[in-house]
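Chains, contacts and geometry: an overview
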Amino acid sequence: MAAGGTRGRRGPAPSLPLAAEPRRFPRPRAAGRGGMAGERAAGLVRELHRAGGGNLPPFRAEGLRQALEEMRALYERNQADVYDRLLRIRALRWEYGSVLPNTIQFHMSAEEVEWFNRYKKSLATYMRSVGGEEGLDLTQDIKPPKSLYIEVRCLRDYGEFEIDDGTTILLKKNSQHFLPRWKCEQLIRQGVLEHILS
């Protein structure tokens, strides 16, 4: 994720505001004559090594300036990639809930997992602060519901599931239920339930 050559441990991923928009960074320009970005810096290093121990090649101010410009552009691009990944991870919290599927976690770095955990804790704290005693789950009903109850089919064994009035139902594979929409939406997104459309 970060440009090569960084030494030491990376700091934690930056905190993002809830409604942050992606920033746009310039893409690194390729070196002249069809070379790849970073080629000028590599060329300067190769020239120094070819000169041997007792010699010193001439100082190339313009080549060094261009190499530094390429490195800056590469760094900015890498920062943009990191930022875009964090925006996507933030969106996954709203799609899947507080526990991401293993197939997604497998592709996350340790820093990204740490950032996700901090983000979900901040979101949970905020939702508790605005919803009275029980809090307000902002991740439910992302789209306005057409009806308060929906018919669902269980796609896999899930176990006991408590609804608003304290009633507990058993979600077994292929069982069908008529449940409050807001209690089902997250399980639908997780692939536990499917909405039966009439």
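No experiment lies behind these values; they were computed from the predicted model shown.

Attention shifts here to the overall build of the chain. Counting its regular elements, the chain contains 5 helices and 5 strands. Out of the 198 residues belonging to the chain, those deemed buried represent 27%. Taking as baseline every contact in the chain between residues at least 6 positions apart, the subset at least 24 positions apart corresponds to 60%. Total accessible area computed for the chain in this model is approximately 14100 Å², and 54% of it derives from carbon and sulfur atoms.

What follows is about helix α1 (residues 39-50). The end-to-end C-alpha distance of α1 is 16 Å, a good match for the 16 Å that 12 residues give at a rise of 1.5 Å each. Following α1 by one or two positions, Gly 52 has its phi on the positive side, about 85°.

Here we take up the nonpolar core. Of all hydrophobic cores here, the largest spans 13 residues; its most connected members are Ile 89, Leu 100, Ile 104 and Met 108. Of all elements in the fold, only α2 (61-96) and α4 (110-130) reach the threshold of two or more residues within this core. Counting residues in hydrophobic clusters, the runner-up holds 12 residues, among them Cys 154, Leu 171, Cys 184 and Leu 187.

Looking now at the pattern of salt bridges. Evaluation of the coordinates by the stated rule reveals 10 salt bridges. Taking the shortest distance from any N to any O, the salt bridge between Glu 39 and Arg 46 comes out at 2.7 Å. Judged by its relative accessible area of 34%, Glu 39 falls in the partly exposed class. Note that Arg 65 and Glu 69 form a salt bridge whose closest N and O atoms lie 3.1 Å from each other. Taken together, the residues span about one helical turn, with Arg 65 and Glu 69 both in helix α2 at a distance of 4 residues.

Residues of the chain with pLDDT of at least 70 account for 74%, and the chain-wide mean is 77. In the predicted structure, residues 1-34 sits below a pLDDT of 50 and forms 58 contacts with residues beyond four places in sequence or in another chain.

Inspection of every chain in the model, using the stated rule, returns 3 aromatic pairs. When the ring of Trp 115 is compared with that of Tyr 119, the centres are 5.4 Å apart and the planes differ by 5°; the resulting orientation is stacked. With Trp 115 and Tyr 119 both in helix α4, this residue pair falls 4 residues apart, about one helical turn. When the centroid spacing of 5.8 Å and the interplanar angle of 20° are considered together, the rings of Tyr 149 and Phe 178 count as stacked. Taken together, the residues span a long stretch of sequence, with Tyr 149 in strand β1 (residues 149-154) and Phe 178 in strand β4 (residues 176-180) at a distance of 29 residues. Residue Tyr 149 is classed as partly exposed on the basis of its relative accessible area of 43%.

Another aspect to go through is the packing of α2 against α4. Running from N to C, α2 and α4 cross one another at 45°; their axes reach a closest spacing of 10 Å. On the basis of the axis angle, α2 is oblique to α4. α4 is crossed by α2, and the crossing has right-handed handedness. Contacts from Arg 85, Leu 86, Ile 89, Arg 90, Arg 93 and Trp 94 in α2 reach Glu 112, Trp 115, Phe 116, Tyr 119, Lys 120, Leu 123 and Met 127 in α4. For the contact of α2 with α4, the per-class residue count stands at 8 nonpolar, no polar and 5 charged.

What counts and what doesn't
Residues numbered from 1 in each chain as written. Predicted model: local features only at pLDDT ≥ 70, side-chain atom pairs only at ≥ 80, totals over all residues. Heavy atoms only, no water. Helix = DSSP H or I, 4+ residues; strand = E, 2+ residues; numbered from the N terminus. Buried < 20%, exposed > 50% of the residue type's maximum accessible area, 1.4 Å probe, protein only. Contact = heavy atoms within 4.5 Å. Areas by Shrake-Rupley, 256 points an atom, 1.4 Å probe, with all protein chains shown as cover. Expected span 1.5 Å × (residues − 1). Core = buried A, V, L, I, M, F, W, Y, C linked by side-chain atoms within 4.5 Å. Salt bridge = Lys/Arg side-chain N within 4 Å of Asp/Glu carboxyl O. pLDDT = per-residue confidence, 0-100. Phe/Tyr/Trp six-rings, centres within 6.5 Å; stacked < 30°, edge-to-face > 60°. Axes fitted to C-alpha atoms, helices over the stretch in contact; angles between N-to-C directions. Parallel < 35°, antiparallel > 145°, perpendicular 65-115°, else oblique. Left-handed = near helix turned anticlockwise from the far one by under 90°. Nonpolar A, V, L, I, M, F, W, Y, C, P; charged D, E, K, R; others polar.

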